[in-house]
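Geometric and topological summary
Spelled out, the chains give:
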Amino acid sequence: MSEKLKKPQELAQVEFKPAPQGWMDPTVEFRKGTWNYAAVPETLEYLDLPYPRKWQPTDDDWQLPDGWEQIILTGMRERLKKYRSFQVFMDCCVRCGACADKCHYFIGSGDPKNMPVLRAELLRSVYRNDFTTAGKILGSIAGGRKLTVGVLKEWFYYFYQCTECRRCSVFCPYGIDTAEITMMARELMNLVGLSIEWICTPLSNCFRTGNHLGIQPHGFKDSIEFAVDELEEITGIRVDAPINKKGAEILFIAPSADYFASPHYFTLLGYLALFHEIGLDYTWSSYASEGGNFGLFHSTEMIKRLNAKMYAEAKRLGVKWILGGECGHMWRVIHQYMNTLNGPADFLETPRSPITGTTFDHASSTKMVHITEFTADLIRNNKLNLDPSRNDHWRTTFHDSCNPARAMGLLEEPRYIIKSVCNNFFEMPENTIREQTFCCGSGAGLGTDENMEMRMRGGMPRANAVQFVHDEHDVNLLLCICAIDKATLSPLMEYWVPEVEVGGIHEMVGNALIMKGEKERDVDLRGQDLSGKTHADESPAGGSQEEVAANA
């Protein structure tokens, strides 16, 4: 945790008072703890992105290329023609304010420009000035602003204080998706080399090694084999975890944090135990060793480039369909963008469970099924022998991760699994879960140490809901199905609700699963006494996602 970060009781004192200057004044202060480091030139060069250079947001001179204004305006014109939604979202907002208090960053900071309606206006004002008749004639009277260096810096500051969570869109009467506006703003900034390190380095790692953390194939193999050894120590059963096996029925793809970070690692152990117990014919891939897609935070072209590797591997290995692990943005990409960017995946079969015979018709186009859909189907068809009492040392609640929940509609399956494997489950307040779920405050590439204050501010609404169920029901474990959430909710809980730990659903499945031939279980997948009295010092996988990535 940053030494400079204010104490929770200080950070919780939010003043909702507009600044004296009007919203058209673009002046921003890049205050420590509220912004992200710029991408290093080597990373941009590796990705073949424009204008790589050394700069930081706190510099007076951002070393913008000659003609940068025209580059951005040309890029905006192209995107207005290419994406009909962009044009609609620029034109149809009536500034009703229904979204104003729905953003976690506005709630946590009190900054009016973090209201979704006003954040979008920062981009819309330039659109209005250069692309509408009223703006061209009346300028600021019609809400138009010229594109200046100050406006560009304002864009960088506020569009990297948006996690693209889409909570605001749930409340918009016109269905405006502010996340799409943020995506367009980031694409435009990328045209002149304004990208952030925590997005671009995972992107380049994914191109080089197949995963965001830069783990090479032998490292990936070692991590999986280490987990197999660890699971044998806990259960007494040696499981098989095939890698690059041709002709398997299913290709399984998980986020890289699951095999190289904590608390994700315990979810990995749950996967391995489950697949062994049901005798699943599957394989991992050392090339498609990442389900996540940081392209979602960068540009549509980058989404397409990264998503392609999973389907390329499915074709190379000759599998029938793809099963995906507990990841967030992987599933928004698959559910919302796959067909138009990389599809159709007509060389694969419509997913059908080899254990229950259930056909997942909703995945007939993408050919991918989410692990919670798959496991919920197994439980519903009585294919698993479960002892929920093995999780009695946990009193759980569930965080609906933004992308699987709002973008994919995975609301009931996770809860069905949790209630089947845990005796103690308690919901957070209804206006903080399901479609209205609050964000972790650190998604969309913003989970950095230099951005810690804004992360803690943005995560405060989620933390408040967790604090409620902790106080009311003694909840001590926050479950989720997103790798970024597992990484960023951990420090959030440490800061706001230190009595609560973070975990994955399939960790709970692995704890409750009674495996044929297992030895008498006295510890859970964390290596702690099943009574919850004894805790392992740290995960064998070692460290948080931030720590692992920093050392990769």
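Residues numbered from 1 in each chain as written. Predicted model: local features only at pLDDT ≥ 70, side-chain atom pairs only at ≥ 80, totals over all residues. Heavy atoms only, no water.

1. With respect to unusual backbone geometry
Condition: Going along the chain from the N terminus, every DSSP run of H or I of four or more residues is numbered as a helix, and every run of E of two or more is numbered as a strand. Any residue under 20% of the maximum accessible area for its type is buried, any over 50% is exposed, and the rest in between are partly exposed; the area is computed with a 1.4 Å probe on protein chains only.
Residue Ser262 is joined to Pro263 through a cis peptide bond whose omega torsion reads 10 degrees. Its location among the elements puts Pro263 in the loop between strand E1 (250–253) and helix H13 (264–278). The omega angle of the peptide bond from Gly343 to Pro344 is -5 degrees, so this bond is cis rather than trans. Along the chain, the position of Pro344 falls in the loop between helix H15 (329–341) and strand E4 (368–370). The backbone phi angle of Arg166 is positive, close to 75 degrees, even though this residue is not glycine. Following the sequence through the fold, Arg166 ends up in the loop between helix H8 (149–159) and helix H9 (167–171). For Arg166, a relative accessible area of 14% puts it in the buried group.

2. With respect to the packing of H8 against helix H10 (residues 178–190)
Rule in force here: Every angle, taken between N-to-C directions, lies between 0 and 180 degrees, and every axis is a line fitted to C-alpha atoms, over only the stretch in contact when it is a helix. Any angle that is under 35 degrees is reported as roughly parallel, and any over 145 degrees as roughly antiparallel; angles of 65 to 115 degrees are reported as roughly perpendicular and all others as oblique. Less than a right angle of anticlockwise turn of the near helix away from the far helix marks a crossing as left-handed, whereas a clockwise turn marks it as right-handed. Throughout, a contact is declared for two residues whenever any of their heavy atoms are within 4.5 Å.
Between H8 and H10, whose axes approach to 10 Å, the crossing angle comes to 130 degrees. One way to sum up the angle between H8 and H10 is to call them oblique. As H8 packs across H10, the resulting crossing turns out to be left-handed. Where H8 approaches H10, its residues Leu152, Trp155, Phe156 and Phe159 are matched on the opposing element by Ile181, Thr182, Ala185, Arg186, Leu188 and Met189.

3. Observations regarding the sheet that holds strand E7 (residues 501–504)
The following threshold applies: The pairing criterion is simple: DSSP has to find at least two bridges between the two strands.
Read across the open sheet, the three strands follow the order E5-E6-E7; overall the sheet is parallel. If you trace the sheet from one side to the other, it starts and ends with strand E5 (396–398) and E7, each paired once. Put simply, the sheet's adjacent strands are angled 35 degrees from each other on average, direction ignored. Pairing between E5 and strand E6 (residues 477–480): three bridges, direction parallel. Residue pairing across strands places Thr396 opposite Leu477, the latter belonging to E6. The strands touched by helix H22 (residues 505–512) are E5, E6 and E7; relative to E7, the strand with the most contacts, the crossing angle is about 75 degrees.

4. Some remarks on the environment of Tyr265
Assignment of secondary structure puts Tyr265 in helix H13. Taking C-alpha positions, Tyr265 is 9.7 Å from Ser223, a pair spaced 42 residues apart along the chain.

5. With respect to the sheet that holds E1
Strand order in this open sheet of four strands is E2-E1-E3-E4, and the pairing throughout is parallel. A strand with exactly one partner marks an edge of an open sheet, and here the two such strands are strand E2 (282–283) and E4. For E1 and strand E3 (residues 321–324), the ladder comprises four bridges, and the chain directions are parallel. Directly across from Phe252, in E3, lies its bridge partner Leu323. Contacts from helix H16 (residues 371–380) reach E1, E3 and E4, with the element oriented near 70 degrees to E4.

6. Topic: the domain arrangement of the protein chain
The criterion, for reference: Domain extents, as shown, originate in an automatic or database domain assignment. When two parts are put together, the accessible area they lose, computed with a 1.4 Å probe and summed over both, is reported as buried area. Salt bridges are defined by distance alone: a side-chain nitrogen of Lys or Arg within 4 Å of a carboxyl oxygen of Asp or Glu. Only Asp, Glu, Lys and Arg are considered charged in this grouping, and only Ala, Val, Leu, Ile, Met, Phe, Trp, Tyr, Cys and Pro are considered nonpolar; every other residue, Gly among them, is considered polar.
Parsing the protein chain into structural domains produces domain 1 (8–30 + 50–194) and domain 2 (202–551). At the interface, 28 residues of domain 1 touch 32 residues of domain 2. Contact with domain 2 buries area across many residues of domain 1, yet Leu11, Arg166 and Arg167 alone supply 24% of it, more than any other trio. The tally of links from domain 1 across to domain 2 stands at zero salt bridges. Within the side of domain 1 that touches domain 2, the residues separate by chemical class into 14 nonpolar, six polar and eight charged.

7. Things to note about the nonpolar core
Counted only if it meets this: Throughout, nonpolar core names a set of buried Ala, Val, Leu, Ile, Met, Phe, Trp, Tyr and Cys residues whose side chains join them through atoms within 4.5 Å.
Formed by 100 residues in total, the largest nonpolar core has its most connected members in Met76, Leu123, Trp155, Phe156, Leu194, Met493 and Trp496. Here the element with the most residues in this core is helix H6 (residues 116–131); it accounts for eight residues. Residue contributions to this core reach at least three from each of two domains, namely domain 1 (8–30 + 50–194) and domain 2 (202–551). Here Met76 is in contact with Phe86, Leu123, Val126, Tyr127, Phe131, Trp155 and Leu188, once residues within four sequence places are set aside. The next biggest cluster of nonpolar side chains, apart from the first, holds 58 residues, and it includes Val228, Tyr265, Ile481 and Met515.

8. So, the pairing of E3
Here is the rule we go by: When the strands point away from the viewer, a crossover counts as right-handed if the route from the first strand across the helix to the second turns clockwise.
Side-chain alternation along E3 places Trp321 and Leu323 on one buried face and Ile322 and Gly324 on a second face that is also buried. Of the strand pairs in this sheet, E3 and E4 are connected by three bridges, and their pairing is parallel. Its bridge partner being in E4, Leu323 is matched across the sheet by Val369. As for the winding sense of the linkage, the β-α-β connection from E3 through H15 to E4 is right-handed.

9. Regarding the side chain of Thr163
Put simply, the rule is: The term polar contact refers here to a pair of N or O atoms within 3.5 Å; inside protein, the definition further demands a hydrogen-donor-capable atom paired with an acceptor-capable atom, and it admits residues adjacent in sequence only when both atoms are side-chain atoms.
Checked against the element boundaries, Thr163 lands in the loop between H8 and H9. For Thr163, a relative accessible area of 7% puts it in the buried group. There is a polar contact of 3.0 Å between the side chain of Thr163 and the side chain of His104. Setting aside chain neighbours within four positions, we find Thr163 in contact with His104, Tyr105, Cys439, Gly441, Ser442, Gly443, Ala444 and Leu446.

10. A word on a nonpolar patch on the surface
As a reminder, the rule being used: Residues enter patches when their relative accessible area tops 30% and they take part in no salt bridge; the joining distance is 9 Å for like charges and 5 Å for the nonpolar side chains Val, Leu, Ile, Met, Phe, Trp and Tyr. All accessibility values rest on the Shrake-Rupley procedure with a 1.4 Å probe; residue burial counts only the protein chains present in the view.
A surface patch of nonpolar side chains, amounting to about 360 Å² of accessible area, comprises Ile137, Leu138 and Ile141. Relative to the helices and strands, Ile137 resides in helix H7 (residues 133–138). Accessibility expressed as a relative area gives 65% for Ile137, which makes it exposed.

11. A few points about the pattern of salt bridges
Evaluated as defined, the whole model comprises 27 salt bridges. Arg124 is paired through a salt bridge with Glu121; the nearest N and O atoms lie 2.9 Å apart. On the criterion of helical spacing, the pair formed by Arg124 and Glu121 is a turn pair, its members being three residues apart in helix H6. Arg124 gets classed as buried once you look at its relative accessible area, which sits at 1%. The salt bridge involving Arg526 is made with Glu501; its shortest N-O contact spans 3.0 Å. Taken together, the residues Arg526 in the loop between H22 and helix H23 (545–551) and Glu501 in strand E7 connect sequence positions 25 residues apart. By sharing partners, the salt bridges in this structure join Asp400, Glu412, Arg415, Glu427 and Arg434 into a single network.

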